[in-house]
Amino acid sequence: MAQGVTIGSNQAPDSAAVLDLQSTQGGFLLSRLNTQQRNALPTPPFGLQIYNTDTDCIEAYFSTGWKAIVCDCQNPPPSPSSI
C-alpha cells in the first residue's frame, strides 16, 4: 500500500524514501524566494526549506521561525555542537 515514488528513472525507489530522485546529470533544486516572498508565505509548515536569494542561504522553518541551515561556504553557520 505505502510505497515511494521514483522520478528520473525506472528503478524502484529506495524502501526508506517517499520520494527518490534519481539522476546522474542533475540535482534537486529548492524553491528560490527572496526574504519578502518567504515572509509572505501564509503558514509555513515546520521543516519547509527554501533557498533565500537575498541571503544566499538555505533556510528551514522551525517552531521558532526561519533559521539559516546552510549559507555561503565563506560564512557557514555554527555547528550544532557549538551553539
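Here, the structure is the one placed above.
Residues numbered from 1 in each chain as written. Predicted model: local features only at pLDDT ≥ 70, side-chain atom pairs only at ≥ 80, totals over all residues. Heavy atoms only, no water.

Tallied over the full model, the rule gives 1 salt bridge. Residue Arg38 is joined to Glu59 by a salt bridge in which the shortest nitrogen-to-oxygen separation is 2.7 Å. Here Glu59 lies in strand E5 (residues 57-62) and Arg38 lies in helix H1 (residues 35-39), a separation of 21 residues in the sequence. Look at Arg38 and you get buried, because its relative accessible area is 12%. (Salt bridge = Lys/Arg side-chain N within 4 Å of Asp/Glu carboxyl O. Helix = DSSP H or I, 4+ residues; strand = E, 2+ residues; numbered from the N terminus. Buried < 20%, exposed > 50% of the residue type's maximum accessible area, 1.4 Å probe, protein only.)

Turning next to the sheet that holds E5. Sheet architecture is open: 4 strands sit in the order E3-E4-E5-E6, paired in mixed fashion. Only two strands of the sheet have a single neighbouring strand rather than two, namely strand E3 (32-33) and strand E6 (65-70). Bridge count between E3 and strand E4 (residues 49-52): 2 bridges; the pairing is parallel. Each residue of the ladder has a partner; that of Arg32, found in E4, is Tyr51. (Pairing = 2+ DSSP bridges.)

Our next topic: the environment of Asp54. Along the chain, the position of Asp54 falls in the loop between E4 and E5. With a relative accessible area of 53%, Asp54 lands in the exposed category. The spacing of Asp54 and Leu33 is 21 residues in sequence and 8.1 Å in space, taken between C-alpha atoms. Discounting chain neighbours no more than four positions away, the residues touching Asp54 are Asn34, Thr35 and Gln36. (Contact = heavy atoms within 4.5 Å.)

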